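Reading the structure
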Amino acid sequence: MRKMFLVVLLVSTFACTSQNTHKEEFGKLVDLLADQMSDEIEAVVIIPLENACSSCSQMTIVKLPRMEEIEKSSIHLIFTARSGKLIEETLTDAGLEDFQIQKDPKYEAWKMGMVDNNPSYYLLKGGKLIEKGGITFENVDEQLLKISKHLEKS
């Protein structure tokens, strides 16, 4: 009986902690997006351009426009760096004009812990964060497929 109680306690503690973490992360997203947050945003991808795995960021940037059969305007891309010039240079000819784009030249996403040395994604539904994850060179196809599948369901 004690073992069963411990399992139930651990599961409920994890669920509460997970929900609180999602609420906290969603709050950070709202702060980061400020007045740009809307119900149309169903996915946020934060791409670091400094102190980052350049292969991971570049591969994400190259593959995003190739995502087919999704409403790209429901994906909000945040480019974060300490240099607005670097962000502008990256966006030139990147083919991302169908996405909602935000420039973060003050490195706020990094300071808030929303991204590290790899791009991060956040999936939203009904004004709530339902999943978050990282994008690496090795899993970029898998993670972009996950984002695409999420957008199909919405």
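Residues numbered from 1 in each chain as written. Predicted model: local features only at pLDDT ≥ 70, side-chain atom pairs only at ≥ 80, totals over all residues. Heavy atoms only, no water.

A closer look at the overall build of the protein
Applicable threshold: Every helix listed is a DSSP run of H or I at least four residues long, and every strand listed is a run of E at least two residues long, numbered separately from the N terminus. Throughout, a residue-residue contact means that at least one pair of heavy atoms, one from each residue, lies within 4.5 Å. Computed by Shrake-Rupley with a 1.4 Å probe, the accessible areas treat only the displayed protein chains as cover when residues are assessed.
A tally of helices and strands in the protein yields 5 helices and 5 strands. Tracing the protein from N to C terminus, the helices and strands come up as α-β-α-β-α-β-α-β-β-α. Look at the contacts in the protein between residues 6 or more apart in sequence, and 71% of them connect residues 24 or more apart. Accessible surface, the protein: about 9100 Å² in total, of which carbon and sulfur atoms supply 53%.

Side note on the side chain of Gln 102
Test applied: Any pair of nitrogen or oxygen atoms within 3.5 Å is treated as a polar contact; in protein, a donor-acceptor pairing is required on top of that, and neighbouring residues in sequence qualify only through side-chain atoms on both sides.
Note on placement: Gln 102 falls in strand E3 (residues 100-104). At 3.1 Å, the side chain of Gln 102 and the side chain of His 76 are in polar contact.

Some thoughts on the pairing of E3
Threshold: Paired strands, in this sense, are two strands between which DSSP finds at least two bridges.
Where strand E2 (residues 75-80) and E3 come together, 5 bridges link them in parallel fashion. Along E3, the bridge assignment pairs His 76 with Gln 100.

Observations regarding the environment of Val 45
Definition in use: For the exposure calls, accessible area comes from a 1.4 Å probe over protein chains only, and a residue counts as buried if that area is under 20% of its type's maximum, exposed if over 50%, partly exposed in between.
Turning to its location among the elements, Val 45 is positioned in strand E1 (residues 43-48). A relative accessible area of 0% places Val 45 in the buried class. Along the chain, Val 45 and Phe 79 lie 34 residues apart, while their C-alpha atoms are 8.6 Å from each other. Residues within four places of Val 45 in sequence aside, it is in contact with Thr 60, Ile 75, His 76, Leu 77, Ile 78, Ser 120, Tyr 121, Ile 135 and Ile 147.

Notes on the pattern of salt bridges
Our working rule: The salt bridge criterion pairs a side-chain nitrogen of Lys or Arg with a carboxyl oxygen of Asp or Glu, the two atoms within 4 Å.
Per the counting criterion, the structure on display carries 4 salt bridges. A salt bridge links Lys 63 to Asp 141; its shortest N-O distance comes to 2.6 Å. Within this pair, whereas Lys 63 is found in helix H2 (residues 54-63), its partner Asp 141 is found in helix H5 (residues 140-153), the two being separated by 78 residues in sequence. Note that Lys 111 is salt-bridged to Glu 108, the shortest N-O span being 3.8 Å. You can see Lys 111 and its partner Glu 108 sitting in helix H4 (residues 108-111), 3 residues apart, about one turn around the helix. Here Lys 111 falls in the exposed class, since its relative accessible area comes to 60%.

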